[in-house]
Structures are given as C-alpha cells and as structure tokens.
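Here is what each chain is made of, one letter per residue.
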Amino acid sequence: QVRQEMQDQAEAFQAEKLGLAEQLQTELSGIEAVREQFHAQSQAVVAEKEARVAELEAQLAEASAQLADLGDALQSQTQGAEVVKDALVGQLRAELDALTQERDQVRQEMQDQAEAFQAEKLGLA
C-alpha cells in the first residue's frame with residue numbers, strides 16, 4: 001500500500017511537472033510572438049525613418065543645388081541669396097540630424113529590448 005501511494009504521488013508529481021512545462025512553453029511561445037511583433041514593428045519604424053532621412057537628403061541636395069544656382073545668379077545684385085541658402089541648408093541639416101538621431105535611438109531601443117528579452121528568456125529557462 002505504501003508503495004502504491006508512493007507510486008501514485010510520483011505519477012501525480014510527474015503529471016504536475018508536465019503541466020508546468022507545458023504552461024512554461026505556452027508562455028514562452030507568447031513572449032516570442034510578442035517579441036517578433038515588436039521586432040517587426042521596430043523594423044518598420046526604422047525603415048520609415050531611413051526613408052524619411054533619404055528623402056530629406058535628396059531634398060537637401062536639390063535645395064542646395066537650386067540655391068547655389070540662385071546664389072550665383074543673384075551674387076552680382078545682392079549677397080542675400082547666400083544668407084537664404086545657408087538658412088535653408090541649415091534648417092534641412094537640422095531636420096536631417098534630428099531624424100538620424102531618432103532612427104539611431106529606435107535602433108538602440110530595439111537592440112536593448114532584444115537583449116532584455118534574451119536575458120528574460122534565459123532566466124525563464
């Protein structure tokens with residue numbers, strides 16, 4: 001009878017252990033799905049920021065070229081065109097710098113969260 005009780009307890013313990021393992025696996029799968037979703041969203045944000053940076057770089061190049069031409073044409077009449085060009089180029093550079101920093105920050109946050117997830121995953125294992 002004692003042997004039977006011990007065997008029953010061992011089987012109950014094994015069943016509980018399997019249940020906990022299944023629960024842990026389900027939770028890990030959920031965490032992985034959330035991580036993958038976050039990664040995809042972060043990649044989309046980075047791609048969007050990079051596209052905006054490229055767009056601003058193109059605008060900056062175009063504006064610089066146009067304003068250089070304008071500055072050359074007006075140089076004999078006034079130095080004002082240079083001031084306008086410099087102001088516009090400065091403004092576009094500032095926007096470009098801000099977007100570049102924002103993109104870099106998103107990348108860093110993505111990396112930090114991926115590392116934190118990995119650490120959490122290892123801690124759960």
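On a predicted model such as this, the values are computed, not experimentally measured, just so you know. (Residues numbered from 1 in each chain as written. Predicted model: local features only at pLDDT ≥ 70, side-chain atom pairs only at ≥ 80, totals over all residues. Heavy atoms only, no water.)

Chemist: Talk me through the nonpolar core; I want residue IDs and the actual numbers.
Modeler: Soluble globular proteins tend to bury their nonpolar side chains together. Counting eight residues, the largest nonpolar core consists of Val53, Leu56, Leu60, Ala63, Val89, Leu92, Leu96 and Leu99. If you list the elements that add at least two residues to this core, you get helix 1 (2-74) and helix 2 (80-124). Non-local contacts of Val89, meaning those with residues more than four positions away in its chain, are made with Leu60 and Ser64. (Core = buried A, V, L, I, M, F, W, Y, C linked by side-chain atoms within 4.5 Å. Buried < 20%, exposed > 50% of the residue type's maximum accessible area, 1.4 Å probe, protein only. Helix = DSSP H or I, 4+ residues; strand = E, 2+ residues; numbered from the N terminus. Contact = heavy atoms within 4.5 Å.)

Chemist: Before we move on, could you go through the environment of Val46 and cite the residues and values that matter?
Modeler: Within the secondary structure layout, Val46 lies in helix 1. Among the residues examined, Val46 registers a relative accessible area of 5% and is labelled buried. Sequence separation of Val46 and Asp104 is 58 residues, and the distance between their C-alpha atoms is 8.3 Å. Not counting residues within four places of it along the chain, the set of residues in contact with Val46 comprises Arg103, Val106 and Arg107.

Chemist: Help me get a handle on the side chain of Lys85, residues and values and all.
Modeler: As for its position among the elements, Lys85 is in helix 2. The exposure class assigned to Lys85 is buried, which follows from its relative accessible area of 18%. Residues within four places of Lys85 in sequence aside, it is in contact with Leu67 and Ala68.

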